[in-house]
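Chains, contacts and geometry: an overview
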Amino acid sequence: MSESHILPFMAVRSVAANSQLHRGVAAYRLLTGKAPADANITTDANLDRHVLASILAAATMDGGSLLENVGLSCVELAALLQHYFPSTKISAAEQAAPPKGEDHEEIAMLRDLLLKHRSTQGDIGRWLAAMIARRAMEPDHLWEALGLRNRGELALVLSRHFGPLAAHNVKNMRWKRFFYRMLCENEGLVMCTTPVCDQCNEFNICFGEESGDSRLAERRRDVL
């Protein structure tokens, strides 16, 4: 790739602040060279790059500090970009950001739960554990907060990198609810008031529909 294409990742912040769609698409294109809708995830390597780019794009759409939005330190983000998107550089502003402080307790607990159940080697599992834990604090469904196109992509990445944990979700519970249930069980706490899920008056909160447009598709529809 020519020198003219080696751009600071945070250059996408120059896009109008009221255009979340443009920021997200610009970030994903800068990282991968294609639009999110065109991503091919038929191989593990392609899936990994797509997921990482999607999380970074979603975090960019949120505005504010990219490091805070993805739950990584400057060193971790720079290493991620170097390994998976070598033609993309972290901005000077992010490089000058103060060292990452202590995570919120819930973020730390979920990150540690994911790390405990890693099923792949290398840095990506550690990065994803931190990123997923941080994005789980957002109000959207988890797959939306990660910028993915659908819930199925989230199931794929969890099965690949955190297989033992994903395998426990035998009833296809919503992932955030499932994670918190696992955390409660690990602490010896009782999360539910009924022993059988289908007798619970909050059944739809745990198992309800999670389909719909991705965050980028939703923003595009709003713009149109």
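Data block above holds the structure.
Criteria and cut-off values
Residues numbered from 1 in each chain as written. Predicted model: local features only at pLDDT ≥ 70, side-chain atom pairs only at ≥ 80, totals over all residues. Heavy atoms only, no water. Helix = DSSP H or I, 4+ residues; strand = E, 2+ residues; numbered from the N terminus. Buried < 20%, exposed > 50% of the residue type's maximum accessible area, 1.4 Å probe, protein only. Contact = heavy atoms within 4.5 Å. Areas by Shrake-Rupley, 256 points an atom, 1.4 Å probe, with all protein chains shown as cover. Phe/Tyr/Trp six-rings, centres within 6.5 Å; stacked < 30°, edge-to-face > 60°. Salt bridge = Lys/Arg side-chain N within 4 Å of Asp/Glu carboxyl O. Lys, Arg positive; Asp, Glu negative; His and termini not counted. Polar contact = N/O pair within 3.5 Å; in protein donor to acceptor, adjacent residues only side chain to side chain. Axes fitted to C-alpha atoms, helices over the stretch in contact; angles between N-to-C directions. Parallel < 35°, antiparallel > 145°, perpendicular 65-115°, else oblique. Left-handed = near helix turned anticlockwise from the far one by under 90°. Nonpolar A, V, L, I, M, F, W, Y, C, P; charged D, E, K, R; others polar.

1. Brief notes about the overall build of the chain
Along the backbone of the chain there are 13 helices and two strands. Per-residue burial for the chain yields a buried fraction of 45% across its 224 residues. For the chain, contacts bridging at least 24 residues in sequence account for 66% of all contacts bridging at least 6. Roughly 11,400 Å² of accessible area belongs to the chain as shown, and the carbon and sulfur atoms make up 53% of that amount.

2. Let's talk about the environment of His-168
Relative to the helices and strands, His-168 resides in the loop between helix H10 (163-166) and helix H11 (175-186). Counting along the chain gives ten residues from His-168 to Phe-178, while the straight-line C-alpha distance between them is 9.0 Å.

3. Observations concerning the packing of aromatic side chains
Scanning all chains against the criterion turns up four aromatic pairs. With a centroid separation of 6.4 Å and 75° between ring planes, the pair formed by Tyr-84 and Trp-127 is classed as edge-to-face. In this pair, Tyr-84 is assigned in helix H4 (residues 74-84) and Trp-127 in helix H7 (residues 123-135), connecting sequence segments 43 residues apart. Each ring, one from Trp-175 and one from Phe-179, has its centre 6.0 Å from the other, and the planes form 40°; the classification is tilted. Separated by four residues within a single helix, Trp-175 and Phe-179 lie in helix H11, roughly one turn from each other. Assigned by exposure class, Trp-175 and Phe-179 land together as buried. In this structure an aromatic cluster arises from ring pairing among Trp-175, Phe-178 and Phe-179.

4. Some remarks on the pattern of salt bridges
One pass over the structure, following the stated rule, counts ten salt bridges. Across the salt bridge formed by Arg-149 and Glu-153, the nearest N and O atoms sit 2.6 Å from each other. Overall, the relative accessible area of 23% leaves Arg-149 in the partly exposed class. Here Glu-153 falls in the buried class, since its relative accessible area comes to 2%. The residue Arg-181 makes a salt bridge to Glu-185 at a minimum N-O spacing of 3.9 Å.

5. Brief notes about the side chain of Arg-23
Considering the arrangement of structural elements, one finds Arg-23 in helix H1 (residues 20-32). Buried charge without a salt bridge: Arg-23, with Asp-62 as the nearest opposite-charge side chain at an N-O distance of 6.9 Å. At a separation of 3.2 Å, a polar atom in the side chain of Arg-23 contacts the main-chain carbonyl oxygen of Thr-60.

6. Observations regarding the packing of helix H2 (residues 44-61) against H4
Viewed as axis vectors pointing N to C, H2 and H4 meet at an angle of 140°, and their least axial separation amounts to 11 Å. By the criterion of interaxial angle, the relationship of H2 to H4 is oblique. Where H2 crosses over H4, the two elements pack in a sense that is left-handed. For the pair formed by H2 and H4, the contact residues are Asp-48, Arg-49, Leu-52 and Leu-56 on the first element and Leu-77, Leu-80, Leu-81 and Tyr-84 on the second. Its residues placed into classes, the contact of H2 with H4 shows six nonpolar, no polar and two charged.

Treat this as a map of the structure, not an account of what it does.
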